[in-house]
Amino acid sequence: RKEVEQDPGPFNVPEGATVAFNCTYSNSASQSFFWYRQDCRKEPKLLMSVYSSGNEDGRFTAQLNRASQYISLLIRDSKLSDSATYLCVVNPAGAGSYQLTFGKGTKLSVIP
Amino acid sequence: EAGVTQFPSHSVIEKGQTVTLRCDPISGHDNLYWYRRVMGKEIKFLLHFVKESKQDESGMPNNRFLAERTGGTYSTLKVQPAELEDSGVYFCASSPRQGNYGYTFGSGTRLTVV
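First, a word on what this report is: a plain description of the structure on this page. Remember, it's a predicted structure, so these values are computed and weren't measured experimentally. (Residues numbered from 1 in each chain as written. Chains lettered and ligands numbered in written order. Predicted model: local features only at pLDDT ≥ 70, side-chain atom pairs only at ≥ 80, totals over all residues. Heavy atoms only, no water.)

1. Let's talk about the sheet that holds strand S6 (residues 55-57) of chain A
All names here are of chain A. Judged by pairing direction, the sheet is antiparallel, and its five strands sit side by side in the order S1-S3-S8-S7-S6 without closing on themselves. Looking at strand neighbours, the two that pair on one side only are strand S1 (4-6) and S6, the edges of this open sheet. Neighbour to neighbour, the strand axes of the sheet diverge by 20 degrees on average, direction disregarded. (Pairing = 2+ DSSP bridges. Helix = DSSP H or I, 4+ residues; strand = E, 2+ residues; numbered from the N terminus. Axes fitted to C-alpha atoms, helices over the stretch in contact; angles between N-to-C directions.)

See below:
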């Protein structure tokens with residue numbers, strides 16, 4: 001089983017649509033969780049951290065369910081500029097390790 | 001503020017040759033990380049420096065890979081000798097302190113071994 005698994009995608013949605021991505025992780029000891037965004041042939045950029053209480057940043061809402069070991073990202077009112085690959089990222093180990101484990105990513109295309 | 005700079009942006013080398021990738025982190029960032037993405041796979045951790053010391057090198061694939069960070073500033077990643085399976089995009093990232101996951105990634109070096 002992969003450490004971080006994401007929806008296979010791709011997701012093709014019209015502008016203004018709401019889209020949700022899910023991600024599961026295998027290591028129950030994982031401490032920190034993130035969504036990164038990666039544009040084509042560019043570097044990953046941190047979109048938002050994910051907290052147990054859920055958190056929102058504008059049109060983006062992230063949720064964490066530790067019991068089920070899954071993470072979600074909801075994008076409301078999709079914009080053309082949201083087209084990118086969304087990477088689910090986990091810090092799998094406890095204190096002393098700061099490496100990140102990435103999912104393969106889910107590609108989103110927002111269509112006019 | 002200058003970002004994380006990687007050089008070269010692209011490199012094409014023959015199997016058996018040596019290649020050295022360079023990363024200049026954001027000034028003042030003690031933590032420097034190397035990651036790579038091979039085609040069709042997810043981005044994977046290679047190693048983590050705190051200043052000039054290797055904090056975690058558990059992701060280094062084999063002894064053909066050597067990373068250094070002399071003086072705690074820029075870092076180099078040398079692959080010697082390169083194999084076909086080393087092809088991929090090598091990313092460097094830096095952060096100001098441990099536990100701060102607001103990593104800034106460089107734009108990567110795309111390595112092709114032929």
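2. What about the layout of surface pockets?
Volume-wise, the largest pocket comes out at about 810 Å³. Around the largest pocket, the lining is made up of 31 residues, and of these Gln38 and Arg41 of chain A together with Arg37, Val89 and Arg110 of chain B lie nearest the centre. Counting only elements with at least two residues in the lining of the largest pocket, the list comes to strand S9 (84-91) and strand S11 (106-111) of chain A together with strand S9 (88-95) and strand S11 (109-113) of chain B. Empty space within the second largest pocket amounts to approximately 310 Å³. Along the wall of the second largest pocket there are 18 residues; nearest its centre are Glu3 of chain A together with Glu42, Ile43, Lys44 and Phe45 of chain B. Taken together, the elements giving at least two residues each to the lining of the second largest pocket come down to strand S10 (101-102) of chain A together with strand S5 (44-50) of chain B. At three residues, the largest contribution of residues to the lining of the second largest pocket is made by S5 of chain B. Taken together, the residues that form the lining of the second largest pocket break down as eight nonpolar, four polar and six charged. (1 Å grid on protein atoms, 1.4 Å probe; cavity = no way out; pocket = protein on both sides within 12 Å on 5 of 7 lines; lining within 4 Å. Points joined across faces, edges and corners; volume = space filled by probe spheres on them. Nonpolar A, V, L, I, M, F, W, Y, C, P; charged D, E, K, R; others polar.)

3. Overview of the interface of chain B and chain A
With 22 residues of chain B at the contact, the number on the chain A side is 20 residues. Linking chain B with chain A are six residue pairs in polar contact (both at pLDDT 80 or more), by the criterion used here. Put simply, the parts of the chain that give the side of chain B that touches chain A at least two residues each are strand S4 (31-37), S5 and strand S6 (53-56) of chain B. Examining the composition of the side of chain B that touches chain A, we find that three residues originate from one element, S4 of chain B, more than from any other. Looking at the side of chain B that touches chain A residue by residue, the classes come out as eight nonpolar, nine polar and five charged. (Contact = heavy atoms within 4.5 Å. Polar contact = N/O pair within 3.5 Å; in protein donor to acceptor, adjacent residues only side chain to side chain.)

4. Brief notes about the pattern of salt bridges
On inspection of all chains with the given rule, the structure shows 10 salt bridges over all chains. Asp77 of chain A is the salt-bridge partner of Lys79 of chain A, the closest N and O atoms lying 2.9 Å from each other. Taking the shortest distance from any N to any O, the salt bridge between Lys44 of chain B and Glu42 of chain B comes out at 3.5 Å. Within the structure, one salt-bridge network assembled from shared partners comprises Arg64, Glu85 and Asp86 of chain B. (Salt bridge = Lys/Arg side-chain N within 4 Å of Asp/Glu carboxyl O.)

5. Considering the pairing of S4 of chain B
Residue and element names in this part refer to chain B. Of all seven residues making up S4, six are buried, and the element is well covered by its neighbours. The pairing of S4 with S5 spans six bridges and is classified as antiparallel. Considered in S5, the bridge of Leu32 is made with Phe49. Here seven bridges tie S4 to S9, and the two strands are oriented antiparallel to one another. In the strand pairing of S9, Arg37 is matched with Val89. (Buried < 20%, exposed > 50% of the residue type's maximum accessible area, 1.4 Å probe, protein only.)

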